[in-house]
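Notes for the structure review
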Protein chains: 2
Amino acid sequence: MKSVNIGVDVGGMSIKAGVVDSKGNILFRNTRKTNQKEGQLAFLKLIKEQLIELINIAKENDLKVTGVGFGIPGVVNNKLGTIDYACNLGFEYVPLKEYLKDLGVEIYLSNDANVACLAEQKFGAAKGKSDVILLTLGTGVGGGVVIDNKLFEGIEGKGAELGHHVIVVDGRDCSCGRKGCFEVYASASALIYLTKKIMYEHKESLMWEYANNSLDNVNGLTSFECAKKGDKAANIVVDTYIKYLGEGILNFCNIFRPNVVVIGGGISNQKEYLLNKVIKYCEDRHYGYRNSPKVDIVIATLGNDAGIIGAAHLLPYKDE
Amino acid sequence: MKSVNIGVDVGGMSIKAGVVDSKGNILFRNTRKTNQKEGQLAFLKLIKEQLIELINIAKENDLKVTGVGFGIPGVVNNKLGTIDYACNLGFEYVPLKEYLKDLGVEIYLSNDANVACLAEQKFGAAKGKSDVILLTLGTGVGGGVVIDNKLFEGIEGKGAELGHHVIVVDGRDCSCGRKGCFEVYASASALIYLTKKIMYEHKESLMWEYANNSLDNVNGLTSFECAKKGDKAANIVVDTYIKYLGEGILNFCNIFRPNVVVIGGGISNQKEYLLNKVIKYCEDRHYGYRNSPKVDIVIATLGNDAGIIGAAHLLPYKDE
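It should be emphasised that the depicted structure is a prediction, and the values quoted were computed from it without experimental measurement.

Examining the sheet that holds strand S3 (residues 26-33) of chain B
All names here are of chain B.
- Overall, mixed pairing links the five strands, which are arranged S3-S2-S1-S4-S8 in an open sheet. The open sheet has two edge strands with one neighbour each: S3 and strand S8 (106-111). Each neighbouring strand pair of the sheet contributes to a mean axis angle of 20 degrees, computed without reference to strand direction.
- Sheet strands touched by helix H3 (residues 112-123): strand S4 (63-72) and S8. Its angle to S8, the strand with the most contacts, is close to 100 degrees.

So, the state of the cysteines
- For the coordinates displayed, the defined rule picks out zero disulfides over all chains.
- Cys117 of chain A carries a free sulfur, and the closest cysteine sulfur to it, the one in Cys253 of chain A, is 14 Å from it.
- Cys174 of chain B takes part in no disulfide bond, and the closest cysteine sulfur, belonging to Cys176 of chain B, lies 3.7 Å away.
- Looking at Cys174 of chain B, the relative accessible area reads 9%, which means it is buried.

Let's talk about the interface of chain B and chain A
- Residue-level contacts link 45 residues of chain B with 45 residues of chain A.
- In total, chain B and chain A occlude about 3,800 Å² of area from one another, counting both sides; carbon and sulfur atoms represent 57% of this.
- Of all residues in chain B, Arg178, Ile255 and Asn291 of chain B bury the most surface against chain A, accounting for 18% of the area lost on that side.
- Taken together, chain B and chain A are joined by six salt bridges.
- Note that Arg178 of chain A and Glu247 of chain B form a salt bridge whose closest N and O atoms lie 2.6 Å from each other.
- Inspection of the chain B/chain A interface yields 22 residue pairs in polar contact (both at pLDDT 80 or more).
- Secondary-structure elements contributing two or more residues to the side of chain B that touches chain A are strand S6 (82-86), strand S7 (91-94), strand S11 (150-152) and helix H8 (232-256) of chain B.
- Sorting elements by how many residues they give to the side of chain B that touches chain A places H8 of chain B first, with nine residues.

With respect to the environment of Trp208 of chain A
Residues and elements named next belong to chain A.
- For Trp208, the position within the fold is in helix H6 (residues 206-210).
- Overall, Trp208 belongs to the buried group, its relative accessible area being 13%.
- In sequence terms Trp208 and Glu53 are 155 residues apart; their C-alpha atoms lie 49 Å from each other.
- Of the polar contacts made by the side chain of Trp208, one reaches the backbone oxygen of His202; its length is 3.2 Å.

Conventions and cut-offs
Residues numbered from 1 in each chain as written. Chains lettered and ligands numbered in written order. Predicted model: local features only at pLDDT ≥ 70, side-chain atom pairs only at ≥ 80, totals over all residues. Heavy atoms only, no water. Pairing = 2+ DSSP bridges. Helix = DSSP H or I, 4+ residues; strand = E, 2+ residues; numbered from the N terminus. Axes fitted to C-alpha atoms, helices over the stretch in contact; angles between N-to-C directions. Contact = heavy atoms within 4.5 Å. Disulfide = S-S within 2.5 Å. Buried < 20%, exposed > 50% of the residue type's maximum accessible area, 1.4 Å probe, protein only. Buried area = accessible area lost by both parts, 1.4 Å probe. Salt bridge = Lys/Arg side-chain N within 4 Å of Asp/Glu carboxyl O. Polar contact = N/O pair within 3.5 Å; in protein donor to acceptor, adjacent residues only side chain to side chain.

Shown next, in the form of structure tokens:
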């Protein structure tokens, strides 16, 4: 029997798992809806049952599952295999690896953005590149780092928290407890905050019409869509957002000097429009440092599958 | 004959070289004064002559020099072995490796702070630690990174420019062309700038007496020495400086989550006094992230020898 791994993408609403081959193909999948109110034990039981189902499906297809990797929306301890803190799940110190030990497979936990970075580097937008930074621009800003073809995680797997580096000392409050984190200026939430602020100052803006005259209807598209139509206030929002995003990317150019920065998450749906602006911002500033090599900036290509594929590839493929 | 390497610490004023054994001992040394006005070729000839002298001394002592490593105060290309930009030397694109090829030894160039980081990780303040950040707080802020016991340099050796990550978007101008870099707030030059600014606002401060009533006499000691004597204005300077330094260190905790941050350079002469304040600042903020492991913060111990020792250890020791 050929060996394969399972990748599990743990989210606040659902747990998506898949049997993944060494080429990054998802062969079989299943999904479970989560319910935080049912508590930690229910969560663990749900995952175990879900995994047993997939392991059996694999076996019926002459595949032996030897490893299960997890992408966790929060902070893990990759040595102990625990979820140490995951705000969206509402749990702390969940002994996931310990709980699953009787499955007889290797278990590895990592942060969800790390896992997405690994997937994009092996099979997606950064395929074939040795040094990769991934930024997911969603509710927060997730960060993943591949150095010399290897996922970089830091002690206990608690590094690569790229959204939580301060770019404005004494800036706006961040959920992490610090002030002025990159996440506070470059996430989709930050874009929405900024959109509302500029709308308030520009009653003439097209953004009001787009949002049906209510700030409650503002979302991550409002400013971008109106900026494309030439609205001046919307362009202020987009340019300001690009500045903060660009400064963060330039920081990572200087700190890591990677081959490529991959942008994922909701905001990345703006594709070329976003990319052209960010690339111009970084080009104008020599990618952070004069006489430094250009850093490619690209949009993630694996979409929602990145989590499952990357998680599966946290562990070695024995048949390779 | 036993194999050894030479380490070369290239500075703006002098070139210090040494034959270094695999245990980090400097066996023989020589130094040359540099003169920028004489140009690039004179600089290259000087280094070659200096190296030949050391290679001969080694040979007389039954040691065969197999590698020469360089710590360069600027930006190198570690693939080509060129000095791409070094403001203190006044040169661009110096083909150092090419020029030295007839010495018949392996040549490797890295940035000076990288080299110091490697030395401290192998033989100094961070000995035995796998993941290390070094910050040299001098005229600028140099940065070095060791990940999993290996020097991390980024593409072409142009990463780990830790001084040039922006911590204040739209902040003060940096020599690199960006605004608000860590270096602009955490270098010795930044401390002196801040000291003068606060002195100007506090005519009653003891710092005026310490500086003989002239801003021209202000140096990196002024604020620290007067703060120790309880001067209020001096304490404002020190606390502000610690805040910026601390925020940068917390950024590196979140980005790299190392075991230890080593502080070197002129400001590190403040030893325990500096350390206690920085550690308290970072402890109060959970080293960047709740439920994250503590990161040790220590003072560099190898002093001026770190450059020679680290440069020599850029290359493998064949007898090990």
